[in-house]
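Structural overview for review
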Amino acid sequence: MGCYQSGPTYRKEPRNSAISRCFWAFNYIYACIKDCVLIDPACGTGGMLSVAEEYLHSLNASTELVSFGQEINDQTFAICKADMLIKGNNADYIKDGNTLSDDQFAGSTFDYILSNPPFGREWKNEKAKVEEEAKLGFGGRFGAGLPATSDGQMLFLMTAISKMKDIDKGGSRIAIIHNGSPLFTGDAGSGPSEIRRYILENDLLEAIIALPNDIFYNTGIATYIWVLSNKKAGTVREGKVQLINANEMFVKRRKALGNKRNDISKEDIAEITKIYGDFKESEISQIYDDEDFGYTKITVERPLRDEEGNLVLKKGKKQPDTSLRDTENVPLKEDIKEYFEREVLPFAPDAWVDEKKSKVGYEIPFTRYFYKYEAPRPSAEIMAEIMDLETELSGSLEEVFDL
């Protein structure tokens, strides 16, 4: 039985049990659930661990789920440990400390990794330890790359991936919640892009589900469940990523709790799970190849000319004019030469590509895939509305000034 430390919870936000139920419902579609080990790298008070166990037992009362977790906040760590004791679980598997700088489950692996790490939390205090581990390459957790120090979400994502079992030992599945930034931040060659590249080129990403806004207490921003697995080979999901837009699948709360104004109902969870399990395209489900999210960023150069318009040569070679330098993102599925001849040369016949500067990048512009064009309102309709407002305003002013 393996275990790997997963880090601190830097927020004091209560867990959303619907998220945990979603994950376990997704897992149940895939295979019969047996005795298994689960870790939450940012376990907080242990809410997600508890709900996972309850849901698993509702499916199979004889199944045993062994829960592991790590938490940085002393108070919430104590609550989580007490909860484990009350429920008769082994509280020794709940550790305190900073996951990013002090991984107490290093080298251990798990069947399932479930987590809701903090969004937008700086990791400057852990920078030295994280960078030291990054030097180990894939001998540590951060071999793929490092995100900006302003947001440590993707460090938790890599921590989760590092805790996956080898496929010959049964493999693993991950469900982790992020805001929108891990989908697209970072240019080609940057840390975030390289992390996405590693995940997609190793075919680890199964699905991303866009959740409704306003389902958390402390934030109303858009959130997404990333579902990852190293068991896709030989299945219909091999080489594919499913995007599910469940943004409108919610019920309004009778009374808001902070920013939490919406809930994901059991019916919505069942529907999201069915869409995931069916693995078919629909209005809110789209399926793409891993490669669809990749591109090559090429550098387009234009020649440097003197004041008279003559080419500036050095050892007989044209020199680039840095003021005219530009870049293009060429989809991986397109031939760079054909793209260049079609999109660049007709407008800049003297341009060329500096192949030494080319970089491969990956991004997942989720909202772009589900964007629906809405035609602008007719100008006559807008003008009529403006005239009505002016007439109404004129009448109001007359009343105010007794005209």
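Whatever comes next refers back to the structure up there.
1. A look at the overall build of the chain
Scanning the chain from terminus to terminus reveals 11 helices and 17 strands. Burial statistics for the chain: of 403 residues in total, 46% are counted as buried.

2. Some details on the packing of aromatic side chains
Inspection of the entire model under this criterion finds 10 aromatic pairs. Relative to Phe110, the ring of Phe68 lies with its centre 5.2 Å away and its plane at 70 degrees, an arrangement referred to as edge-to-face. Remark: Phe110 occurs in the loop between β3 (94-96) and β4 (112-115) and Phe68 occurs in strand β2 (residues 65-71); sequence separation between them is 42 residues. Judged by its relative accessible area of 0%, Phe110 falls in the buried class. What links up through ring pairs into an aromatic cluster is the set Phe68, Tyr93, Phe105 and Phe110.

3. A word on the side chain of Ser285
If you trace the backbone, Ser285 turns up in strand β11 (residues 285-289). Here the side chain of Ser285 touches Lys280 through a polar contact of 2.8 Å, landing on its backbone oxygen.

4. So, unusual backbone geometry
Although it is not a glycine, Asp203 adopts a positive phi angle of roughly 55 degrees. Within the fold, Asp203 resides in the loop between α7 (191-201) and β6 (205-210). For Asp214, which is not glycine, the phi dihedral falls at a positive 60 degrees. Relative to the helices and strands, Asp214 is located in the loop between β6 and β7 (223-229).

5. Comments concerning the pairing of strand β10 (residues 260-263)
Note: strand β9 (residues 251-257) against β10, 3 bridges, orientation antiparallel. Each bridged residue has a counterpart across the sheet, and for Lys252 the counterpart in β10 is Asn262. In this structure, the hairpin formed by β9 and β10 is closed by a connection of 2 residues, where Gly258 is found at a positive phi of approximately 65 degrees.

6. Focus on the sheet that holds β7
An order of β3-β2-β1-β4-β5-β7-β6-β8-β11 is seen for the 9 strands of this open sheet, with the pairing classed as mixed. Across the chains shown, the open sheet's two edge strands, defined by having one partner strand only, are β3 and β11. Strand after strand, the sheet turns through a mean of 15 degrees between neighbouring axes, direction not considered. In the sheet, strand β1 (residues 36-40) pairs with β4 via 2 bridges, with the strands oriented parallel. By the bridge assignment for β4, Leu38 is matched with Tyr112. Its contacts with the sheet place helix α5 (residues 153-162) against β4, β5 (173-179) and β7, and it is angled at close to 180 degrees to β5. The sheet contacts of helix α8 (residues 266-278) involve β5, β6, β7, β8 (240-245) and β11, and relative to β8 the element is tilted by about 155 degrees.

7. Observations concerning helix α3 (residues 74-86)
For α3, with 13 residues, the first-to-last C-alpha span of 18 Å sits near the 18 Å given by 1.5 Å per residue. On its buried face, α3 is in contact with α2 (47-59), β2 and β3. Gly88 lies just past α3 and shows a positive phi near 80 degrees.

8. Some details on the pairing of β5
Counting buried residues in β5 gives 7 out of 7 residues, a clear majority hidden from the surface. Here β5 shows a buried face lined by Arg173, Ala175, Ile177 and Asn179 and a second buried face lined by Ile174, Ile176 and His178. Pairing of β4 with β5, which is carried by 4 bridges, proceeds in the parallel orientation. By the bridge assignment for β5, Ser115 is matched with Ile176. As paired elements, β5 and β7 share 7 bridges and run antiparallel to each other. Its bridge partner being in β7, Ile177 is matched across the sheet by Ile225.

9. Brief notes about the pattern of salt bridges
For the coordinates displayed, the defined rule picks out 33 salt bridges. For Asp111, the salt bridge identified is with Lys165, shortest N-O distance 3.0 Å. Remark: Lys165 occurs in the loop between α5 and β5 and Asp111 occurs in the loop between β3 and β4; sequence separation between them is 54 residues. The same class applies to Asp111 as to Lys165, namely buried.

10. With respect to the nonpolar core
Counting 43 residues, the largest nonpolar core has Leu157, Ile199, Leu205, Ile208, Trp226, Leu228 and Leu243 as its most contacted members. Ignoring anything within four residues of it in the chain, the contact list for Trp226 reads Leu157, Ile174, Ala175, Ile176, His178, Pro182, Leu183, Ile199, Leu205, Ala207, Ile208 and Ile364. Tyr112, Ile215, Ile244 and Met249 belong to the second largest nonpolar core, which has 32 residues in total.

11. Side note on a positive patch on the surface
Positive charge collects at one region of the surface, where Lys314, Lys315, Lys317 and Lys356 lie side by side. The topology assignment puts Lys317 in strand β14 (residues 317-318).

12. Description of the packing of α5 against α7
Where α5 meets α7, the axes come as close as 11 Å, and the angle between the chain directions of the two elements is 25 degrees. The orientation of α5 with respect to α7, classified from their angle, is roughly parallel. The hand of the α5/α7 crossing is left-handed. Listed contacts from α7 to Met154, Leu157, Met158 and Ile161 of α5 are Pro192, Ile195, Arg196, Tyr198 and Ile199. Here the residues of the contact of α5 with α7 are counted per class, giving 8 nonpolar, no polar and 1 charged.

Procedures and definitions
Residues numbered from 1 in each chain as written. Predicted model: local features only at pLDDT ≥ 70, side-chain atom pairs only at ≥ 80, totals over all residues. Heavy atoms only, no water. Helix = DSSP H or I, 4+ residues; strand = E, 2+ residues; numbered from the N terminus. Buried < 20%, exposed > 50% of the residue type's maximum accessible area, 1.4 Å probe, protein only. Phe/Tyr/Trp six-rings, centres within 6.5 Å; stacked < 30°, edge-to-face > 60°. Polar contact = N/O pair within 3.5 Å; in protein donor to acceptor, adjacent residues only side chain to side chain. Pairing = 2+ DSSP bridges. Axes fitted to C-alpha atoms, helices over the stretch in contact; angles between N-to-C directions. Contact = heavy atoms within 4.5 Å. Expected span 1.5 Å × (residues − 1). Salt bridge = Lys/Arg side-chain N within 4 Å of Asp/Glu carboxyl O. Core = buried A, V, L, I, M, F, W, Y, C linked by side-chain atoms within 4.5 Å. Patch = residues over 30% accessible without salt bridge, like charges linked within 9 Å, V, L, I, M, F, W, Y side chains within 5 Å. Areas by Shrake-Rupley, 256 points an atom, 1.4 Å probe, with all protein chains shown as cover. Lys, Arg positive; Asp, Glu negative; His and termini not counted. Charge placed at Lys NZ, Arg CZ, Asp CG, Glu CD. Parallel < 35°, antiparallel > 145°, perpendicular 65-115°, else oblique. Left-handed = near helix turned anticlockwise from the far one by under 90°. Nonpolar A, V, L, I, M, F, W, Y, C, P; charged D, E, K, R; others polar.

These results come straight from atomic positions and should not be treated as a statement about function.
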